[in-house]
Amino acid sequence: MGCRATIENGGYAVLTHRRTGPSGWTKIPPGDPDRPSLYTLDEWEGLVAFGWIIRQLRDRNVLDSALVEASFVVKDHGDGVAHFEARSDRSTFRELAKQHTTPWVAPPVAGDEAGIFIDLRTTARILLDLVSWDVAEGRKLAPPP
């Protein structure tokens, strides 16, 4: 879940902030003509879903196709962890309702170390690409030496 949240928040920050200099940023106001496809005044709050953020980063050539695909794997893993208990409870309570028995606590999700390392590597690569893109944007604004 942490990797998913990190990618989502980092991507959102890149899409919603503009470089003002080598080390300065400002939030892009809704409807700004600089990024017309990013959002409109009436869509500002609604377009913050993970998939939308990743597709916008892909469309702006911030992330390559391989990282876009890998980010959706991280999303699925994070969603699986976040919603495991709810899914487990739903199925458990349905079965218990049929049997008229007392509910019990579902076992925790099993950890998959290999999957966790893949998610961490993907997250690190995405963050490096986001930072590299942002640094390059800052260099464009730096005064010539």
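Note that the structure is a prediction, hence the values are computed from the model and not measured. (Residues numbered from 1 in each chain as written. Predicted model: local features only at pLDDT ≥ 70, side-chain atom pairs only at ≥ 80, totals over all residues. Heavy atoms only, no water.)

Peer 1: What's the story with the confidence of the model for the protein chain in this structure? I'm lost.
Peer 2: Low pLDDT means the predicted coordinates in that region are not meant to be read closely. Here the protein chain averages 76 in pLDDT, while 63% of its residues score no lower than 70. Helix H2 (residues 50–59) holds the highest mean pLDDT among the elements of the protein chain, 89, whereas helix H3 (residues 65–99) holds the lowest, 76. Low pLDDT, under 50, characterises residues 104–110; the predicted model gives this stretch 10 contacts beyond four residues in sequence or across chains. (pLDDT = per-residue confidence, 0-100. Helix = DSSP H or I, 4+ residues; strand = E, 2+ residues; numbered from the N terminus. Contact = heavy atoms within 4.5 Å.)

Peer 1: Sorry, what's going on with H2 here?
Peer 2: Three or four residues apart is the spacing at which side chains of an α-helix point the same way, because the helix has 3.6 residues per turn. Across the 10 residues that make up H2, a large majority, seven, are buried. For H2, the complete set of buried residues consists of Phe-50, Gly-51, Trp-52, Ile-53, Ile-54, Gln-56 and Leu-57. (Buried < 20%, exposed > 50% of the residue type's maximum accessible area, 1.4 Å probe, protein only.)

Peer 1: Looking at this model, I keep getting lost on the pattern of salt bridges. Mind explaining?
Peer 2: Pairing between side chains of opposite charge can happen when their charged atoms approach one another. Tallying each qualifying case throughout the model produces four salt bridges. As a salt-bridge pair, Glu-8 and Arg-4 come within 2.7 Å of each other at their nearest N and O atoms. Of this pair, Glu-8 and Arg-4 both sit in helix H1 (residues 2–16), four residues apart, roughly one helical turn. Like Glu-8, the residue Arg-4 is buried in the burial classification. Ionic pairing is found between Lys-75 and Asp-79, a salt bridge with its closest N-O pair at 2.6 Å. Taken together, the residues Lys-75 and Asp-79, both in helix H3 and four residues apart, mark about one turn of the helix. (Salt bridge = Lys/Arg side-chain N within 4 Å of Asp/Glu carboxyl O.)

Peer 1: Help me out: how do you make sense of the environment of Ala-70 in this one?
Peer 2: If you trace the backbone, Ala-70 turns up in helix H3. Residue Ala-70 is classed as buried on the basis of its relative accessible area of 17%.

Peer 1: How should the nonpolar core be read in this particular structure?
Peer 2: General note: in soluble globular proteins, nonpolar side chains tend to be found buried as a group. One finds Ile-7, Ile-54, Leu-57, Leu-63, Ile-126 and Leu-130 to be the most contacted residues of the largest nonpolar core, which totals 17 residues. Sort the elements by how many residues they give to this core and H2 lands first, with five residues. Beyond its immediate chain neighbours, meaning those up to four positions away, Leu-57 contacts Gly-11, Val-14, Leu-15, Val-62, Leu-63 and Leu-130. (Core = buried A, V, L, I, M, F, W, Y, C linked by side-chain atoms within 4.5 Å.)

Peer 1: Please explain the packing of H1 against H2 as it appears in this structure.
Peer 2: Describing two packed helices takes the angle between their axes plus the distance from one axis to the other. At their nearest, the axes of H1 and H2 sit 9 Å apart, and the two run at 55° to each other. The angle between the axes of H1 and H2 places the two elements in the oblique class. Taken as a pair, H1 and H2 cross one another with a handedness that is left-handed. Of the residues in H2, those touching H1 at Arg-4, Ile-7, Glu-8, Gly-11, Tyr-12, Val-14 and Leu-15 are Phe-50, Trp-52, Ile-53, Ile-54, Gln-56 and Leu-57. (Axes fitted to C-alpha atoms, helices over the stretch in contact; angles between N-to-C directions. Parallel < 35°, antiparallel > 145°, perpendicular 65-115°, else oblique. Left-handed = near helix turned anticlockwise from the far one by under 90°.)

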